[in-house]
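# Observations on the three-dimensional arrangement
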Protein chains: 2
Amino acid sequence: MMETHVVIMAGGIGSRFWPMSTPQLPKQFVDILGVGKTLIQLTVERFAPLCPKENFWVVTGQRYVDLVKEQVPQLFDDHIIAEPQGRGTAPCIAYACWKIAQKYPDANIVFTPADALVIDVEEFRRVIRAALDFTESQHSIVTIGIRPDRPETGYGYIAEGVKVEGTEICKVDSFREKPSLEVAKEYLSQGIYLWNAGIFVWNVDTITSALRKHTPALAATMDEMSESFYTDKEAEVVAELFPTCEKISIDYAVMEKADCIYTLPASFGWSDLGTWGSLRNLMQQDEDGNAVVGENVRLAGSKGCVVHTPGLSKVVVEGLEGYIVAQHGDRLLVCRLEDEQNITRYVSE
Amino acid sequence: MMETHVVIMAGGIGSRFWPMSTPQLPKQFVDILGVGKTLIQLTVERFAPLCPKENFWVVTGQRYVDLVKEQVPQLFDDHIIAEPQGRGTAPCIAYACWKIAQKYPDANIVFTPADALVIDVEEFRRVIRAALDFTESQHSIVTIGIRPDRPETGYGYIAEGVKVEGTEICKVDSFREKPSLEVAKEYLSQGIYLWNAGIFVWNVDTITSALRKHTPALAATMDEMSESFYTDKEAEVVAELFPTCEKISIDYAVMEKADCIYTLPASFGWSDLGTWGSLRNLMQQDEDGNAVVGENVRLAGSKGCVVHTPGLSKVVVEGLEGYIVAQHGDRLLVCRLEDEQNITRYVSE
């Protein structure tokens, strides 16, 4: 009988969500939705009934370790896995898996981003449990695929293949990059394409074997690092070896190469909360399509805006259509929603 | 030989300059121009060479007395004249004049708003000195008239009459309310209309006599109040009597009725700094007509805006034309410049 573990990947910087998200305080550590909880706290809460709190792990950047301790105080200190620098999702996942494997060789693991949003949490848990049931007895990798309700161009897609009899799980036919609008419309009409939510379910033996097979250099580095795990030397050894890993995503390293890849098509109301526009789409809107987080926000002659000013006591927005107005700390953004992909560039200039 | 005194009227709340100007901290107490000095401090500085600091007075609301002490520390405590409530400019001026008269019967006085802007300060001082020279020997009221350079609809106008020989001072033909654009254009083309800057020069005997003649009830109240002046009882007596004064402007009470009214037409670069648009007109603009006060303001695809975010460390404004973006404390405004007259309404709702 395997034990369920949950690994939350919390290393991103969420630069398209400036000014709320900054390198000092990325969006997963922010109460984006104005509900009194940060995204990582909502993620922990979503998974909490699936396994004891002793089985939670967070992978994050070295600089965010204190934030994780503060926001997820129930986490064991040695379950915070600190990357000395970001090297993509494959080294991130490998480090976590090697470390878990050493102490919990029977771990059956869900990997999840820290910053996505789920509406129907009960259905979400049912889906994750079904995927965990599958990988408990199968040498398989299951990705959660979201049934699309619009031709979204901001996500990668999964083409579903043959169904596994007696389950709701299918073989993956192929992974597809973020499409053009035309292609996304075609995907939507064909009905076999799913959004890739970046949620992976596998047992620890499956994923370490796959990494050994497809990325032997990475596996060798992990073997070398593993002697220091759970000792005083871990930070030092990892600081030396981890940055030598090839920078590579788990999709490219494993998912597109291995042959035991499955997907569980699901519908539980999901968003990667990647941009201000995605936040607006999810939020309750007034009759003019404005979505507001903040106190005393007075909108006049404004339509289709997202206003996010949680720290302010009084805001007046007049005569804007289709804009982001966001204020956080001592930073302010006013930007057309249609230009939101440029935010990262404006901020870095 | 008369003594020059300067009375700064600092009782307004500047609601069209929200969010920088608030009832708690009206614009005269704010560094609107981002020069390191507030408007009242700039006003004091502008008049400083005209008379010793012992001859400065400030009339303000009771709640602003501490702000005045803090920002104009050189002022004598009993030269801060505190109105228990605003009753218009006539009671404001009467209170100051009765109080000054009691101690300085030979005072020759300039009354000035605290929150106007003057570009050519040397010329301004020359003009004020010329007006003071006139009222030193004449039983006259001199208003400063600004030669208009555009058909401004936001100011009242003065029609100049016959010139006083050997001076640059003219009789006032009439005062005119804020005109429509059409009328303002007509005024500009006729060449005899001046903007009313709200700066008055008179000796204390002239103005008290005029008030006694045209507003006897107000004068009687002042006589009653004056027994308490410079005593421990002043605040109490004024709190009781001042609110009983009729609410009336000096223009209506005296200027439009008295027959010794003159104007000195002048050009020293003046603005009443009444609105965000007036501030933008005065500020240096980039090649797209944007005027900015603030650090690290990144403007992209934006034209004709005024951005005022002095307390923020980073601001991005994208895709706006002809807007105000102003952030102060925990308040934020985004509003079309052409709708700036509505700001007061938006804020009060």
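Everything in this summary refers to the structure shown in the same document. (Residues numbered from 1 in each chain as written. Chains lettered and ligands numbered in written order. Predicted model: local features only at pLDDT ≥ 70, side-chain atom pairs only at ≥ 80, totals over all residues. Heavy atoms only, no water.)

### Some words on the overall build of chain A
Threshold: By the criteria applied, helices consist of DSSP H or I runs no shorter than four residues and strands consist of E runs no shorter than two, each listed in order from the N terminus. Two things to know: the radius of gyration comes from C-alpha atoms, and the globule rule equals 2.2 Å times the number of residues to the power 0.38. Accessible area is worked out with a 1.4 Å probe on protein chains only. A residue is then buried under 20% of its type maximum, exposed over 50%, and partly exposed in between. Contact definition: two residues touch when any of their heavy atoms are within 4.5 Å. Areas reported as accessible are Shrake-Rupley estimates using a 1.4 Å probe. Residue values count occlusion only from the protein chains shown. Residues scored as charged are limited to Lys and Arg (positive) and Asp and Glu (negative), so that His and the chain ends carry no count. Throughout, a charge is located at the NZ atom of Lys, the CZ atom of Arg, the CG atom of Asp or the CD atom of Glu.
Per the secondary structure count, chain A includes 11 helices and 17 strands. In terms of overall dimensions, chain A is globule-like: its C-alpha atoms have a radius of gyration of 21 Å, near the 20 Å expected for 349 residues. Along the first, second and third principal axes, the C-alpha atoms of chain A reach 60 × 50 × 35 Å. The proportion of buried residues among the 349 residues of chain A is 56%. The long-range share in chain A, meaning contacts at least 24 apart out of those at least 6 apart in sequence, stands at 66%. Surface summary for chain A: the accessible area is close to 14400 Å², and the carbon and sulfur share equals 47%. Each charge class in chain A was averaged separately, 32 positive and 49 negative side chains, and the resulting centres sit 2 Å apart.

### Focus: the environment of Ala10(B)
All names here are of chain B. Residue position: alanine 10 is located in strand S1 (residues 3–10). Using a relative accessible area of 1% as the deciding quantity, one classes alanine 10 as buried. It is 11 Å that separates the C-alpha atoms of alanine 10 and alanine 116, two residues lying 106 residues apart in sequence. Setting aside anything within four residues of it in sequence, one finds alanine 10 in contact with Gln28, Phe29, Ile40, Val58, Val59, Thr60, Tyr64 and Ala114.

### Regarding the packing of helix H7 (residues 216–226) of chain B against helix H8 (residues 234–241) of chain B
All names here are of chain B. Applicable threshold: Inter-axis angles, ranging from 0 to 180 degrees, are taken between N-to-C directions of lines fitted to C-alpha atoms, where helices are fitted over the stretch in contact. Orientation is classified from the angle alone, with under 35 degrees giving roughly parallel, over 145 giving roughly antiparallel, 65 to 115 giving roughly perpendicular, and any other angle giving oblique. Take the far helix as your reference; a near helix turned counterclockwise from it by less than a right angle gives a left-handed crossing, and one turned clockwise gives a right-handed crossing. In this count, Pro and Cys sit with the nonpolar residues alongside Ala, Val, Leu, Ile, Met, Phe, Trp and Tyr, while Asp, Glu, Lys and Arg are called charged and the others, Gly among them, polar.
For the pair H7 and H8, interaxial distance at closest approach is 9 Å and the crossing angle is 160 degrees. Considering the angle they form, H7 stands roughly antiparallel to H8. In terms of crossing hand, the pair formed by H7 and H8 is right-handed. In contact with Thr221, Glu224 and Met225 of H7, H8 contributes Val237, Val238 and Leu241. Here the contact of H7 with H8 is composed, by residue class, of four nonpolar, one polar and one charged.

### Concerning the packing of aromatic side chains
Quick note on the threshold: Ring geometry is summarised as follows: Phe, Tyr and Trp rings, the Trp one being its six-membered ring, pair when their centres sit within 6.5 Å, and such pairs are stacked at plane angles under 30 degrees, edge-to-face over 60 and tilted between the two. Remark: a charge is flagged as sitting over a ring if the NZ atom of Lys or the CZ atom of Arg is within 6 Å of the ring centre and within 35 degrees of the ring normal.
Overall, the coordinates contain 30 aromatic pairs over all chains when judged by the stated rule. Plain terms: the ring middles of Tyr187(B) and Tyr193(B) are 4.0 Å apart, the flat faces sit at 15 degrees to each other, and that makes the pair stacked. Taken together, the aromatic side chains of Phe47(A), Phe124(A) and Phe268(A) make up a single cluster linked through ring pairs. It is Lys171(A) that lies over the ring of Tyr262(A); its NZ or CZ is 5.0 Å from the centre. When the ring centre of Tyr252(A) is taken as reference, the NZ or CZ atom of Lys257(A) above it lies at 4.6 Å.

### Section: the pattern of salt bridges
Once the charged atoms of two side chains with opposite charge are near each other, the side chains can pair. For clarity, the threshold we go by: Salt bridge criterion: a side-chain nitrogen from Lys or Arg within 4 Å of a carboxyl oxygen from Asp or Glu.
Following the criterion strictly, the structure yields 32 salt bridges over all chains and no others. Here Glu160(B) and Arg147(B) are joined by a salt bridge, their closest N and O atoms 2.8 Å apart. Here Glu160(B) is found in strand S7 (residues 157–163), whereas its partner Arg147(B) is found in the loop between strand S6 (141–146) and S7, with 13 residues between them in sequence. For Glu160(B), a relative accessible area of 15% corresponds to the buried category. When salt bridges that share partners are traced, they join Glu123(A), Arg126(A) and Glu168(A) into one network.

### Things to note about the pairing of strand S3 (residues 80–83) of chain B
Residue and element names in this part refer to chain B. The cut-off we apply is this: Here, a strand pair is defined by DSSP locating no fewer than two bridges between the strands.
Alternating residues of S3 divide into Ile80 and Ala82 and Ile81 and Glu83, and every residue in both groups is buried. Bridge count between strand S2 (residues 56–61) and S3: four bridges; the pairing is parallel. Along S3, the bridge assignment pairs valine 58 with isoleucine 80.

### Thoughts on a negative patch on the surface
Residue and element names in this part refer to chain A. The criterion, for reference: For patches, a residue must show more than 30% relative accessible area and have no salt bridge; joins then use 9 Å for like charges and 5 Å for nonpolar side chains, namely Val, Leu, Ile, Met, Phe, Trp and Tyr.
Judged by side-chain charge, Glu224, Glu227, Glu236 and Glu240 come together as a negatively charged surface patch. The residue glutamate 240 is located in helix H8 (residues 234–241) in this model. Look at glutamate 240 and you get exposed, because its relative accessible area is 58%.

### Some remarks on the interface of chain A and chain B
To be explicit about the condition: Simply put, the buried area is the total loss of 1.4 Å probe accessible area from both parts when two parts are fitted together. Pairing of N or O atoms within 3.5 Å defines a polar contact, subject to two protein rules: one partner must be a possible hydrogen donor and the other a possible acceptor, and residues neighboring in sequence count only if both atoms are side-chain atoms.
In this assembly, 30 residues from chain A lie in contact with 30 residues from chain B. Buried surface at the junction of chain A and chain B, summed over both partners, amounts to about 2500 Å²; 53% is from carbon and sulfur atoms. In this structure, the connection of chain A to chain B is made through two salt bridges. In this structure, the salt-bridge partner of Glu318(B) is Arg336(A), at a minimum N-O distance of 3.7 Å. Counting across the chain A and chain B interface gives 18 residue pairs in polar contact (both at pLDDT 80 or more). Secondary-structure elements contributing two or more residues to the side of chain A that touches chain B are strand S13 (297–300), strand S15 (314–318), strand S16 (323–328), strand S17 (331–336) and helix H11 (343–348) of chain A. No other element matches the six residues that S17(A) contributes to the side of chain A that touches chain B. Grouping the constituent residues of the side of chain A that touches chain B by class yields 15 nonpolar, six polar and nine charged.

### Comments concerning the relation of the copies chain A and chain B
One copy of the chain maps onto the other through a rotation about an axis followed by a shift along the same axis. Threshold: The atoms used to superpose the copies are C-alpha atoms, taken from residues with pLDDT of at least 70 in both, and the fit is least squares.
Of the transformation superimposing chain A on chain B, the axial component is 0.0 Å and the angular component is 179 degrees, with the fit at an RMSD of 0.1 Å. Within this description, the copies of the chain are treated as partners about a two-fold rotation axis. An overlap of 100% is found between the interface residues of chain A and their copies at the interface of chain B, pointing to a shared contact surface.

### Observations concerning unusual backbone geometry
The omega angle of the peptide bond from Trp18(A) to Pro19(A) is 5 degrees, so this bond is cis rather than trans. The topology assignment puts Pro19(A) in the loop between strand S1 (3–10) and helix H1 (39–47). In this model, Leu273(B) sits at a positive phi of 45 degrees, which is unusual for a non-glycine residue. When you line up the elements, Leu273(B) lands in the loop between strand S11 (270–271) and helix H10 (276–282). By relative accessible area, Leu273(B) is classed as buried at 0%.

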